[in-house]
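Understanding the architecture of this molecule
Listed below, chain by chain, are the residues.
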Amino acid sequence: MTAIDVLTSREVPLGGPRAMRVRRTLPQRHRSLIGAWCFVDHYGPDEVDHTGGMVVAPHPHTGLQTASWLFEGEIEHRDSAGNHALVRPGELNLMTAGHGISHSEVSTPGTSVLHGAQLWIALPEETRDVEPGFEHFVPQPVRGPGWEARVFLGELLGASSPVPTHTPLVGAELMLATGKTLEIEVDASFEHGLMLDVGVIDVEGTEIKPSDLAYVPPGSATLTVTAHEEARLLVLGGPPFGEPIVMWWNFIGRTHEEIVGFREEWQRQIVDGRQVDGRFGVVDIDMDAIPAPEMPNVRLKLRH
């Protein structure tokens, strides 16, 4: 039987100490990547009237893509490449930071409950400095007895996404009825992460609870998932990334010095709280930008 590593989440503030709380399962000390997936935040369902919802002011990114996936609610996205879009349930919004981008994320006034996941994808060396970009895709559901899936990246369960990726990837939402066991054909060269949103499941016989991320190493051509209660989960995967990265705050680079440089460039773009033009561009929104935290007093370590 395949050995399953269960990664439990830790709660962190999103966008500042007064911001909404999210449950983070990736990265962790002993595991930083699953394929090129390098960051998994899970949040909600949160009643916006009580939590204040999502209000994340302009902030920068390099060397990665952000994949926004909602189960409930709506978020307004604006970025410095001029993209303005609404993030809605069951719709992929994929932003490529590449050389550098900044963006804001704010839940809309009509949102009463916010519930979803924020995912990051590390870009490989040959494309990590590409121009910023943005793609929107609405996957059609595929169904079978006791299950339904929406494949937003790659291929799974007979469905595929047309969205191009910089490394081989799979990303899908999967819903299972109570008592359903589903054997999923997968690429045996991929490692996989299954993040449970709601319900109780087991993956290859190992029980997974909400917000847990089950890590499945490469080597198996199938994944067996059983729902003990009606369940919804995200299936993420790809071949081992194979490149060490340095990941700090909102930046992905390859050396400590590179991250220091990104931070300095971002700080130069904040004048009296507002953005001025530079590497990360300017977001067209009336909000003060988020300054970078201070660098730690130790060198940043490579993550594998």
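Presented here is an overview of the structure given in this document. (Residues numbered from 1 in each chain as written. Predicted model: local features only at pLDDT ≥ 70, side-chain atom pairs only at ≥ 80, totals over all residues. Heavy atoms only, no water.)

The next point concerns unusual backbone geometry. Cis rather than trans, the peptide bond between Leu26 and Pro27 has omega equal to 5°. For Pro27, the position within the fold is in the loop between strand S3 (21–26) and strand S4 (37–47). The omega torsion across Gly44 and Pro45 is 0°, close enough to zero to call that bond cis. Position of Pro45 among the secondary structure elements: in strand S4. Unlike most non-glycine residues, Ser211 shows phi in positive territory, near 75°. Here Ser211 shows up in the loop between strand S21 (206–208) and strand S22 (213–216). (Helix = DSSP H or I, 4+ residues; strand = E, 2+ residues; numbered from the N terminus.)

Moving on, we come to the side chain of Ser68. Within the secondary structure layout, Ser68 lies in strand S6 (residues 64–72). On the accessibility criterion, Ser68 (10% relative accessible area) is buried. For Ser68, the side chain forms a polar contact with the side chain of Gln118, separated by 3.0 Å. Non-local contacts of Ser68, meaning those with residues more than four positions away in its chain, are made with Val87, Glu91, Leu92, Asn93, Glu105, Ala117 and Gln118. (Buried < 20%, exposed > 50% of the residue type's maximum accessible area, 1.4 Å probe, protein only. Polar contact = N/O pair within 3.5 Å; in protein donor to acceptor, adjacent residues only side chain to side chain. Contact = heavy atoms within 4.5 Å.)

Among the 7 residues that make up strand S14 (residues 147–153), 7 are buried, leaving the element largely enclosed by the rest of the structure. Inspection of the sheet shows strand S13 (residues 142–144) paired to S14 by 3 bridges, in the antiparallel sense. By the bridge assignment, Val142 is partnered in S14 with Ala149. Hairpin connection, S13 to S14: the antiparallel pair is bridged by 2 residues, and Gly146 has positive phi, about 80°. Two strands pair when backbone bridges link them, and S14 and strand S17 (residues 170–176) are joined in this way by 6 bridges, in the antiparallel orientation. Following the sheet pairing, Trp147 is matched in S17 by Leu176. (Pairing = 2+ DSSP bridges.)

A few words on the packing of aromatic side chains. Two measures describe an aromatic ring pair: the distance that separates the ring centres and the angle between the ring planes. Applying the stated criterion across every chain, the model contains 8 aromatic pairs. Relative to Phe251, the ring of Trp249 has its centre 5.6 Å away and its plane inclined at 80°; by these criteria the two rings are edge-to-face. For Trp249, a relative accessible area of 25% translates into the label partly exposed. A relative accessible area of 0% places Phe251 in the buried class. Here a set of aromatic residues connected by ring pairs shows up, and it is made of Trp248, Trp249, Phe251, Phe262, Trp266 and Phe280. The ring centre of Tyr215 lies 3.5 Å from the NZ or CZ of Arg31, which sits over that ring. (Phe/Tyr/Trp six-rings, centres within 6.5 Å; stacked < 30°, edge-to-face > 60°. Lys NZ or Arg CZ within 6 Å of the ring centre and 35° of its normal.)

Right, let's talk about the pairing of strand S8 (residues 84–87) for a bit. Of the two faces of S8, the one lined by Ala85 and Val87 is fully buried and the one lined by His84 and Leu86 carries no buried residue. Bridge count for strand S7 (residues 75–79) against S8 is 4 bridges, and the pairing is antiparallel. Residue pairing in the sheet places Ile75 in a bridge with Val87 of S8. Taken together, S7 and the strand that follows it, S8, pair antiparallel across an intervening segment of 4 residues, in which Gly82 is found at a positive phi of about 90°.

Attention now goes to the sheet that holds S21. In a beta sheet, neighbouring strands pair by backbone hydrogen bonds and run either parallel or antiparallel. Read across the sheet, 4 strands follow the order S18-S23-S20-S21 without closing on themselves; strand pairing throughout is antiparallel. Unpaired on one side and paired on the other, strand S18 (181–185) and S21 mark the two borders of the sheet. Strand-to-strand twist in this sheet, taken as the mean axis angle between neighbours without regard to direction, amounts to 30°. As paired elements, S18 and strand S23 (residues 222–227) share 5 bridges and run antiparallel to each other. (Axes fitted to C-alpha atoms, helices over the stretch in contact; angles between N-to-C directions.)

With 37 residues, the main nonpolar core has Trp37, Cys38, Leu92, Leu119, Phe152, Leu153 and Leu234 as its most contacted residues. Among the elements of the structure, S4, S6, strand S9 (92–96), strand S11 (113–122), S14, S22 and strand S24 (231–238) are those that each provide at least two residues to this core. Formed by 27 residues, the second largest nonpolar core is a distinct cluster that contains Ile4, Ala159, Leu174 and Ala227. (Core = buried A, V, L, I, M, F, W, Y, C linked by side-chain atoms within 4.5 Å.)

A few words now on the sheet that holds S13. Pairing is antiparallel in the open sheet, where 7 strands are placed in the order S1-S22-S19-S24-S17-S14-S13. Single-partner strands in this sheet number two, and they are strand S1 (5–7) and S13. Averaged over all neighbouring strand pairs, the angle between strand axes comes to 20°, with direction disregarded. In this structure, strand S19 (residues 191–198) lies alongside S22, joined through 4 bridges in antiparallel fashion. Looking at S22, one finds that His192 is bridged to Val216.

This part takes up the pattern of salt bridges. Per the counting criterion, the structure on display carries 17 salt bridges. Taking the shortest distance from any N to any O, the salt bridge between Asp41 and Arg24 comes out at 2.7 Å. Linking Asp41 in strand S4 with Arg24 in strand S3, this pair joins segments that are 17 residues apart in sequence. In this structure, Asp41 and Arg24 share a single accessibility class: buried. One salt bridge connects Arg150 with Glu148, and the closest N-O pair in it is separated by 2.7 Å. By relative accessible area, which is 17% here, Glu148 ends up buried. One connected set of salt bridges, linked through shared partners, spans Glu125, Arg128, Glu243, Arg254 and Glu258. (Salt bridge = Lys/Arg side-chain N within 4 Å of Asp/Glu carboxyl O.)

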